[in-house]
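Chain residues, written in single-letter form:
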Amino acid sequence: VLQKWVNREISNFDYLIQLNTMAGRTYNDLAQYPVFPWILRDYTSEELDLNNPAVFRDLSKPIGVVNEKNAKTVKEKYENFEDPLGIIDKFHYGTHYSNAAGVMHYLIRVEPFTTLHIQLQSGRFDCADRQFHSIPATWQALMDNPNDVKELIPEFFYFPEFLENQNGFNLGQLQISKEVVNDVVLPKWAHSPEDFIYKHRKALESEYVSAHLHEWIDLIFGYKQRGPAAMEALNVFYYCTYEGAVDLDALTDEKERKALEGMINNFGQTPCQL
């Protein structure tokens, strides 16, 4: 697969899907859903210029520190963390770039994810301000908040329907602006959900991304996923998210086991290291 990708026989999209599959990610498990990168950082211009490197996100950094300002906070948190019991290793992020709640967050307008979201929120929609209502606002929140580290899902590159409230769900209204949450607000450069998907996919297959995609793959699937390289890249997550970090079969206490399983399912899981 690597050779095919290098020879440009398969697209960046196909390569990412194949890596996700090899690392145990699947559409059949929300806790291990395929993970895709944020690739752009320009969601405000009238036109999207894919020949300008400045419109792309820095793929060599975890999403939590793409904004330089957050790097200091993240570093300090890591350095000052101390577990008195010595069980929990130091980590940069207590949340994860891919988890079940995050998948439902993006796909809330489409079944069966709508129903799953409502079940997760004890029978109703979460408050409107926390819904996925705008792509520019979601990006801005990532830049402002080092605790929000959600990457994307593959649907952002081929499935315009998830951006539309075709079922007419009542998703509430935003507290401050009183704006009703309906279809997802798109970047200025996208004239429709289809146009957004078309341009976003074009961005994914652009020369810039083709030249830098491996840097992101190192963080998610490769050598910067754990160990000293991860520490240096500010890419260490809560210990439970890593494969093999906890031996569930060795736990005799049923309650403890259930609690850990719940944590692993909800917190997110780092893909198997390739």
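Rules behind the numbers
Residues numbered from 1 in each chain as written. Predicted model: local features only at pLDDT ≥ 70, side-chain atom pairs only at ≥ 80, totals over all residues. Heavy atoms only, no water. Axes fitted to C-alpha atoms, helices over the stretch in contact; angles between N-to-C directions. Helix = DSSP H or I, 4+ residues; strand = E, 2+ residues; numbered from the N terminus. Parallel < 35°, antiparallel > 145°, perpendicular 65-115°, else oblique. Left-handed = near helix turned anticlockwise from the far one by under 90°. Contact = heavy atoms within 4.5 Å. Nonpolar A, V, L, I, M, F, W, Y, C, P; charged D, E, K, R; others polar. Core = buried A, V, L, I, M, F, W, Y, C linked by side-chain atoms within 4.5 Å. Buried < 20%, exposed > 50% of the residue type's maximum accessible area, 1.4 Å probe, protein only.

Q: Quick question: what am I supposed to make of the packing of helix 2 (residues 12-22) against helix 8 (residues 207-220) here?
A: Relative orientation and spacing of two packed helices are given, respectively, by the angle between their axes and the distance between those axes. It is the contact of helix 2 with helix 8, at a shortest axis distance of 11 Å, that shows an interaxial angle of 15 degrees. Here helix 8 runs roughly parallel to helix 2, going by the angle between their axes. Considering the relative orientation of helix 2 and helix 8, their crossing is right-handed. For the pair formed by helix 2 and helix 8, the contact residues are Asn12, Tyr15, Leu16 and Leu19 on the first element and Val209, Ser210, Leu213, Trp216 and Ile217 on the second. Classifying every residue of the contact of helix 2 with helix 8 gives seven nonpolar, two polar and no charged.

Q: Before we go on, may I ask you to explain the nonpolar core in this structure?
A: Soluble, globular proteins show a tendency: their nonpolar side chains are buried together. Ranked by size, the top nonpolar core spans 75 residues in total, and within it Leu40, Ile135, Phe156, Leu163 and Phe196 carry the most contacts. For this core, the elements supplying multiple residues, two or more each, are helix 2, helix 3 (68-80), helix 4 (100-106), helix 6 (135-144), helix 7 (193-204), helix 8 and helix 10 (254-267). It is helix 8 that contributes the most residues to this core, six residues altogether. Those residues in contact with Phe196 that lie beyond four places of it in its chain are Ile135, Phe156, Leu163, Leu186, Pro187, Trp189 and Ala190. Listed in part, the six residues of the second largest apolar core include Ile108, Ala128, Leu171 and Leu174.

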